[in-house]
Amino acid sequence: MCGSRGRDALGRYDEDFSFVSPVVKYLLFIFNFIFWLIAMSMIGIGVYARVVKHAETALACLTVDPAMMLLVVGVLMFIITFCGCVGSLRENICLLQFFCISLTIIFLLQLAAGVLGFIFSDKARNKVTQMVNNAIVHYRDDIDLQNLIDFGQKEFGCCGAVTYTDWSNNMYFNCTDNNPSRERCSVPFSCCISTKDKVPSIFPPFSTACFTTVCVCVCACVCARVQVINTMCGQGVQEVEYIEAGNVIHTNGCIDKVVDWIHSNLFLLGGIALGLAIPQLVGILLSQILINQIKDQIELQNYNLRHRADPWR
């Protein structure tokens, strides 16, 4: 009877038989529910980041605003996964088709973006350079953007888009003679080379303060050599020679550093791309299977209705 799929001896389906598999149905629901929760989290973080900002600075760099990007992606994911959740539970073909088509479009757009980015790598690089320079202009206007730039410059050991003098595009770091800013001709602290050997300490290893501290707490004496971070290490570096500036800050631009990192981590990036593609393909496959099962179930119900009205049909 296992291969008869709920049929009797005459080949007719049982009254309680259903083509819709509960495994596929609830697996698709759980799949969408997990990403629906992720979308809610992204929207919450994005809304919080937008609320705590000043209104006049929030619109200053909308194209590169991390909070706005998080909101857009979160809202889009929320709508798609909501349709997937409701469509799978209610066995609604329209919602499932919207979910399937949306995932397919997003997957194809990502694939096309990757191919076009590889083919037109020079244009993509120029576009990214323009975005980074635009972000540098609004560095002091947006705290999220400032933290993102600082994180990137620290992680990649770089400064500016192409070179460290790109920071002259910012009104605070501008190197013109009529700039009244105290940060004139400087660069952010995230550009500085963080070498502990170059950082001075308050107490010498065997100073009187250390011995005084030992009498109070031995552990405190062990940690008495406190390191002081010089946050003004990039002061006026745009006015000095390139080689001299290289002793204090990273002089290479972030674009070249990121390109070098991409070339040396192609397998990692390929794994990330595959990790992003697999959930989308799984969602497309499950939704399409469920849609076909629902259509078969509708045909079965219509057949049963016709058979009851005219048993000889």
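Nothing here was measured: the structure is a model prediction, and the numbers come from that model.

Asks: Any chance you could break down the packing of aromatic side chains for me, citing the residues and the numbers?
Replies: Counting across every chain of the model gives 10 aromatic pairs. Both rings, one in F78 and one in F82, keep their centres 6.1 Å apart while their planes meet at 15 degrees; by these two values the pair is stacked. With F78 and F82 both in helix α3 (residues 66-90), this residue pair falls 4 residues apart, about one helical turn. For F82, a relative accessible area of 44% gives the class partly exposed. Through successive ring pairs, a cluster of aromatic residues spans F29, F33, W36, F78 and F82.

Asks: Please provide a residue-by-residue account of the nonpolar core, values included.
Replies: With 16 residues, the main nonpolar core has I149, C159, W167, V187, C191 and I249 as its most contacted residues. Broken down by secondary-structure element, the contributors of at least two residues to this core are α5 (121-137) and α6 (143-156). If you look at the next biggest cluster of nonpolar residues, it comprises 15 residues, including L28, L103, L290 and I294.

Asks: Provide a residue-level description of the packing of α3 against helix α4 (residues 93-119), including the pertinent values.
Replies: Contact geometry for α3 and α4: axes closest at 8 Å, N-to-C directions at 140 degrees. Helix-helix and strand crossings are classified by hand; for α3 and α4 the assignment is left-handed. Residue-level contacts link L76, I79, I80, C83, G84, V86, G87 and S88 of α3 to L95, L96, F98, F99, S102 and I106 of α4. Looking at the contact of α3 with α4 residue by residue, the class counts come to 10 nonpolar, 4 polar and no charged.

Asks: Got a sec to walk through unusual backbone geometry? Specific residues and values, please.
Replies: Of note, E91 is a non-glycine position whose phi angle comes to about 55 degrees, a positive value. Looking at the secondary structure, you find E91 in the loop between α3 and α4. In this structure, C185 takes a positive phi of about 60 degrees despite not being glycine. Tracing the chain through its elements places C185 in the loop between α6 and α7 (208-216).

Asks: Talk me through the state of the cysteines; I want residue IDs and the actual numbers.
Replies: Tallying each qualifying case throughout the model produces 4 disulfides. Linked covalently through their sulfurs, C158 and C254 form a disulfide whose S-S length is 2.0 Å. Its S-S torsion of approximately 85 degrees makes the covalent link between C158 and C254 right-handed. In this pair, C158 sits in the loop between α6 and α7 while C254 sits in helix α10 (residues 254-264), placing the two residues 96 residues apart along the sequence. Its relative accessible area of 14% is what places C254 among the buried residues. Here C192 pairs with C233 through a disulfide, and the sulfurs are 1.6 Å apart. Its S-S torsion of about 105 degrees marks the bond between C192 and C233 as right-handed, since a negative value means left-handed. Of this pair, C192 sits in the loop between α6 and α7 while C233 sits in the loop between α8 (218-222) and α9 (242-245); the two residues are 41 residues apart in sequence, bridging distant segments of the chain. Note on C192: relative accessible area 9%, which makes it buried. A relative accessible area of 18% means that C233 is categorised as buried.

Asks: Give a description of the packing of α5 against α10 that names residues and reports values.
Replies: Each pair of packed helices can be described by the angle between their axes along with the distance between the axes. Where α5 meets α10, the closest approach of the two axes is 10 Å, and the angle between their N-to-C directions is 130 degrees. It follows that α5 is oblique to α10 by the angle criterion. Both α5 and α10 take part in a crossing whose hand is right-handed. Along the contact surface, α5 presents R125, V128, T129 and V132, while α10 presents I255, D256 and V259.

Asks: How would you summarise the environment of D144 if you had to cite specific residues and measurements?
Replies: Following the sequence through the fold, D144 ends up in helix α6. Between the alpha carbons of D144 and A49 there is a distance of 7.8 Å; along the sequence they are 95 residues apart.

The rules behind these values
- Residues numbered from 1 in each chain as written.
- Predicted model: local features only at pLDDT ≥ 70, side-chain atom pairs only at ≥ 80, totals over all residues.
- Heavy atoms only, no water.
- Phe/Tyr/Trp six-rings, centres within 6.5 Å; stacked < 30°, edge-to-face > 60°.
- Helix = DSSP H or I, 4+ residues; strand = E, 2+ residues; numbered from the N terminus.
- Buried < 20%, exposed > 50% of the residue type's maximum accessible area, 1.4 Å probe, protein only.
- Core = buried A, V, L, I, M, F, W, Y, C linked by side-chain atoms within 4.5 Å.
- Axes fitted to C-alpha atoms, helices over the stretch in contact; angles between N-to-C directions.
- Left-handed = near helix turned anticlockwise from the far one by under 90°.
- Contact = heavy atoms within 4.5 Å.
- Nonpolar A, V, L, I, M, F, W, Y, C, P; charged D, E, K, R; others polar.
- Disulfide = S-S within 2.5 Å.
- Parallel < 35°, antiparallel > 145°, perpendicular 65-115°, else oblique.

In short, geometric facts, not functional conclusions.
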